[in-house]
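# Residue-level structure breakdown
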Amino acid sequence: MDMAFDALSDASDEALLVLYGNGDPTAARSLTLRMGPLAFRVALRMLGDRAEAEDLAQEAMLRLWKIAPEWRQGEAKVSTWLYRVVTNLATDRLRRRRGVGLDEAPEVADGAASALDRMIDEDRAAALQLALDQLPARQRQAVILRHLEGLSNPEIAAAMEIGVEAVESLTARGKRALAALLEGRREELGYGHD
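Residues numbered from 1 in each chain as written. Predicted model: local features only at pLDDT ≥ 70, side-chain atom pairs only at ≥ 80, totals over all residues. Heavy atoms only, no water.

The criterion, for reference: UniProt positions are given in the numbering used here, feature names are shortened, and annotations may be inferred rather than shown by experiment.
Under an unreviewed UniProt entry, the protein chain has the name RNA polymerase sigma factor and belongs to Rhodobacter flavimaris. Per its UniProt entry, the protein chain bears the Sequence similarities (unreviewed entry) comment "Belongs to the sigma-70 factor family. ECF subfamily."

## Describing the packing of helix α2 (residues 25-47) against helix α3 (residues 50-67)
Selection criterion: Angles shown run from 0 to 180 degrees and are taken between the N-to-C directions of axes, each axis being a line fitted to C-alpha atoms and, for helices, limited to the stretch in contact. Secondary structure counts use DSSP, requiring at least four H or I residues in a row for a helix and at least two E residues in a row for a strand, with both numbered from the N terminus. The scheme is simple: roughly parallel for angles under 35 degrees, roughly antiparallel for over 145, roughly perpendicular for 65 to 115, oblique for anything else. Here a crossing is taken to be left-handed if its near helix is turned anticlockwise relative to the far helix by less than a right angle, and right-handed if that turn runs clockwise. Throughout, a contact is declared for two residues whenever any of their heavy atoms are within 4.5 Å. Each residue is assigned to one of three groups, with Ala, Val, Leu, Ile, Met, Phe, Trp, Tyr, Cys and Pro labelled nonpolar, Asp, Glu, Lys and Arg labelled charged, and all others, Gly among them, labelled polar.
Orientation of α2 relative to α3, taken along the N-to-C sense of each, is 135°, at an axis distance of 8 Å. It follows from the interaxial angle that α2 and α3 lie oblique. The handedness of the crossing between α2 and α3 comes out as right-handed. Between α2 and α3, the residues in contact are A28, L31, T32, M35, G36, A39, F40, A43, L44 and L47 and R50, E52, A53, E54, L56, A57, M61, L64 and W65, respectively. Here the contact of α2 with α3 is built from residues that sort into 14 nonpolar, two polar and three charged.

## Thoughts on the pattern of salt bridges
What counts, and what does not: Salt-bridge detection follows one rule: a side-chain nitrogen of Lys or Arg within 4 Å of a carboxyl oxygen of Asp or Glu. Classification of residues uses two cut-offs on accessible area relative to the type maximum, computed with a 1.4 Å probe and protein chains only: under 20% is buried, over 50% is exposed, and between them is partly exposed.
Applying the stated criterion across every chain, the model contains nine salt bridges. One salt bridge in this structure joins R34 and D13, with 2.8 Å as the shortest N-O distance. Taken as a pair, R34 in helix α2 and D13 in helix α1 (residues 13-21) lie far apart in primary sequence, 21 residues in all. By relative accessible area, R34 is classed as partly exposed at 28%. R63 is paired through a salt bridge with E59; the nearest N and O atoms lie 3.2 Å apart. With R63 and E59 both in helix α3 and four residues apart, the pair spans about one turn of that helix. Classification of E59 by relative accessible area gives partly exposed; the value is 26%. Members of the salt-bridge network, linked through shared partners, are E52, E59, R63 and R93.

## So, α2
To keep things clear, this is the line we draw: Here, expected helix span is obtained from the residue count minus one, scaled by 1.5 Å. Note that the bend at a residue is defined as the angle between axes fitted to the seven residues ending at it and the seven residues starting at it. N or O atoms within 3.5 Å of each other form a polar contact, as long as, within protein, one can give a hydrogen and the other can take it, and as long as residues adjacent in sequence are counted only when both atoms are side-chain atoms.
Its 23 residues place the ends of α2 30 Å apart at the C-alpha level, agreeing with the 33 Å of an ideal helix rising 1.5 Å per residue. Considering bend angle alone, the principal kink of α2 is centred on T32 and spans about 35°. The N-terminus of α2 is capped by D24, whose side-chain oxygen sits 2.9 Å from the backbone nitrogen of T26. Residue G48 follows α2 closely and has a positive phi angle near 75°.

In structure tokens form, the structure reads like this:
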């Protein structure tokens, strides 16, 4: 039974996945519109490459569709499951490409008003990406999920399959490492003028 697209806008992610698992293609479209950008954002931040992030996001969404018929509501949030899949796939890809510098990674434009602001923002984003790439994988994952994606510590713990205390430790160590990596670059990155 297909439901009207508008009727699904208030449905939970879990309900949409169950509907899709039962054969409702409209539920799949609605869930893709919600979860696709999330998967892409996390992949892009972890990989630093737009094309590779698009491929990874599609792969993660395909895995979501494959598990839809067996999804058991109440055991996990769809978004938490998807974060875990995306970060695991990204970690695997990063392991495979070791030795390849991220100098080739394209900078993501942010739509800033002026050319100077855009250049400063791009330099800051590139510096952050380079610093993130130097963190150990688990610290990078925790920092991205907490500070760039805005997940709570319990949500990160579920996605990473670790305790909340471990998340707190990873994010604290990651933030300290990022501060140390970026120390001395305030003026270069345009923070001396703020």
